[in-house]
Amino acid sequence: MKRVLLLHTGGTLGMVGTPLEPDAFQDRLLEVVPEVPKVADVDIHIVCNLDSSDVGPPEWTAMAKTIGERHDDYDGFVVVHGTDTMAYSAAALSFALEGLGKPVVFTGAQRPLGAIRTDARRNLVDAVEVATCSVPEVGICFDGLLLRGCRSVKNDARSYRAFASPGVEPLATLGTDVNLRAHIRPPTTAFTCIPKFEPHVDVVYVTPGLRPKTVARRLEDPELRGVVVAAFGMGTVPTQRRALAPVLADAVERGVDVLVVTQWGGTVDLTLYKNSLELRAGGCIPGGTMHVEAAVPKLMHALARYADPAERRAYLLRDVAGERQ
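So, how was this worked out
Residues numbered from 1 in each chain as written. Predicted model: local features only at pLDDT ≥ 70, side-chain atom pairs only at ≥ 80, totals over all residues. Heavy atoms only, no water. Axes fitted to C-alpha atoms, helices over the stretch in contact; angles between N-to-C directions. Helix = DSSP H or I, 4+ residues; strand = E, 2+ residues; numbered from the N terminus. Left-handed = near helix turned anticlockwise from the far one by under 90°. Contact = heavy atoms within 4.5 Å. Nonpolar A, V, L, I, M, F, W, Y, C, P; charged D, E, K, R; others polar. Phe/Tyr/Trp six-rings, centres within 6.5 Å; stacked < 30°, edge-to-face > 60°. Buried < 20%, exposed > 50% of the residue type's maximum accessible area, 1.4 Å probe, protein only. Lys NZ or Arg CZ within 6 Å of the ring centre and 35° of its normal. Salt bridge = Lys/Arg side-chain N within 4 Å of Asp/Glu carboxyl O. Pairing = 2+ DSSP bridges. Right-handed = clockwise from strand over helix to strand, strands pointing away.

Caption draft 1: Fine view of the packing of helix 9 (residues 292–305) against helix 10 (residues 309–317). Remark: helix 9 packs on helix 10, axes separated minimally by 9 Å, with the N-to-C direction vectors making an angle of 150 degrees. Crossing geometry of helix 9 relative to helix 10 is assigned as right-handed. On helix 10, the residues that touch Lys 298, Leu 299, His 301, Ala 302, Leu 303 and Arg 305 of helix 9 are Arg 312, Tyr 315 and Leu 316. Residue classes in the contact of helix 9 with helix 10 are distributed as five nonpolar, one polar and three charged.

So this is what it looks like as structure tokens:
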């Protein structure tokens, strides 16, 4: 029987009470879900026990370190995680665990394990089974789908199908069988765990009427190292009244890395429109097809990994785990 390490970080799956809050569910997990030991030999490691709104770079580092240190001991890994920031964490591990040759499967639930009509049992059993399969990627297993972690977004807070990966088909579907898809990425480099993230990164969502002075004040923070700009369309920002590009160019000049993604999906192209050319001229970096959920941890990882700005830029432009495809 294959060996799987389950990393518990918290989330709705193990919560109790009204309002819901984290509980020590791990002590009785295998009793409540007796199907799990029939699928794999599972060990449990507690990383933290948090609502996922409290999960960030320190927890990403702890998760990645645990997997890196115990990589050779297990056939696969499952991460139980709250849904609100699961896509950020899955993307973070996609970058920290480069050359991954084993499955790392995030899962959680929209209703707690002890609730009537909970989705927790199915998601957990599915995730453990996927962790025994040949899927050398970080993924999110939810409601019968396995999605690429660095392309996933949470798109519904009430439906059991809480996640989607716009523009990328599921890596697997789980019905009566586990059907793996042909676009699963095999590792192309040796496994390397680099579990570090620079937390001083901000996000600017471009909206009609956004005041450049407001953005400028945020970007004057002396600790700021990077900013993700969620632009319109394929990477456009205002250039007439309330022009934003000069503010971002000033930030780049001060050594702040500016990574541009689109709010709506598709590929950023800073050469297509006049209203994006100024971003390119100002040194902003196009984020390709990345969503904010992948762009934030990738920028944090780049800043922590590379001291040289040219190396960071090259890394951000490189497709590491399928985030830019």
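Structure shown, so let's carry the discussion forward.
Caption draft 2: Region of interest: the packing of aromatic side chains. Summed over all chains, the structure comprises five aromatic pairs. When the centroid spacing of 5.2 Å and the interplanar angle of 65 degrees are considered together, the rings of Phe 142 and Phe 163 count as edge-to-face. Linking Phe 142 in strand 6 (residues 138–142) with Phe 163 in strand 9 (residues 163–164), this pair joins segments that are 21 residues apart in sequence. Among the residues examined, Phe 142 registers a relative accessible area of 4% and is labelled buried. You can call Phe 163 buried: its relative accessible area is 4%. When the ring centre of Tyr 315 is taken as reference, the NZ or CZ atom of Lys 298 above it lies at 5.3 Å.

Caption draft 3: Region of interest: the pattern of salt bridges. Evaluated as defined, the whole model comprises 14 salt bridges. Here Arg 3 makes a salt bridge to Asp 43, at a shortest N to O gap of 2.8 Å. One end of the pair, Arg 3, is in strand 1 (residues 3–10); the other, Asp 43, is in strand 2 (residues 41–50), with 40 residues separating them in the sequence. The partly exposed category is assigned to Arg 3, whose relative accessible area is 32%.

Caption draft 4: Highlighting the sheet that holds strand 14 (residues 226–231). Read from one edge to the other, the open sheet built from four strands follows the order 13-14-15-16, with strand pairing classed as parallel. Either end of the sheet is taken by a strand with one partner, and the two such strands are strand 13 (201–205) and strand 16 (285–286). With two bridges joining them, strand 15 (residues 257–262) and strand 16 adopt parallel strand pairing. Each residue of the ladder has a partner; that of Leu 259, found in strand 16, is Ile 285.

Caption draft 5: Representation of the pairing of strand 13 within the structure. Pairing of strand 13 with strand 14 involves five bridges; the strand directions are parallel. Bridge pairing in strand 14 places Asp 202 opposite Val 227. Traced from strand 13 through helix 6 (residues 212–219) to strand 14, the parallel crossover comes out right-handed.

Caption draft 6: Just the sheet that holds strand 10 (residues 172–174), in detail. Reading across from one edge, 2-1-3-5-6-7-10-11 is the order of the eight strands in this open sheet, with mixed pairing throughout. In this open sheet, the two strands that pair with only one neighbour each are strand 2 and strand 11 (178–180). Going across the sheet, the axis of each strand differs from the next one's by a mean of 20 degrees, ignoring polarity. As defined by bridge partners, strand 1 adjoins strand 3 (residues 76–80) across five bridges and the pair is classed as parallel. Counted as the bridge partner of Val 4 is Gly 76 from strand 3. Packed on one face of the sheet, helix 5 (residues 120–130) meets strand 1, strand 2, strand 3, strand 5 (104–107), strand 6, strand 7 (145–148), strand 10 and strand 11 and runs near 175 degrees to strand 5.

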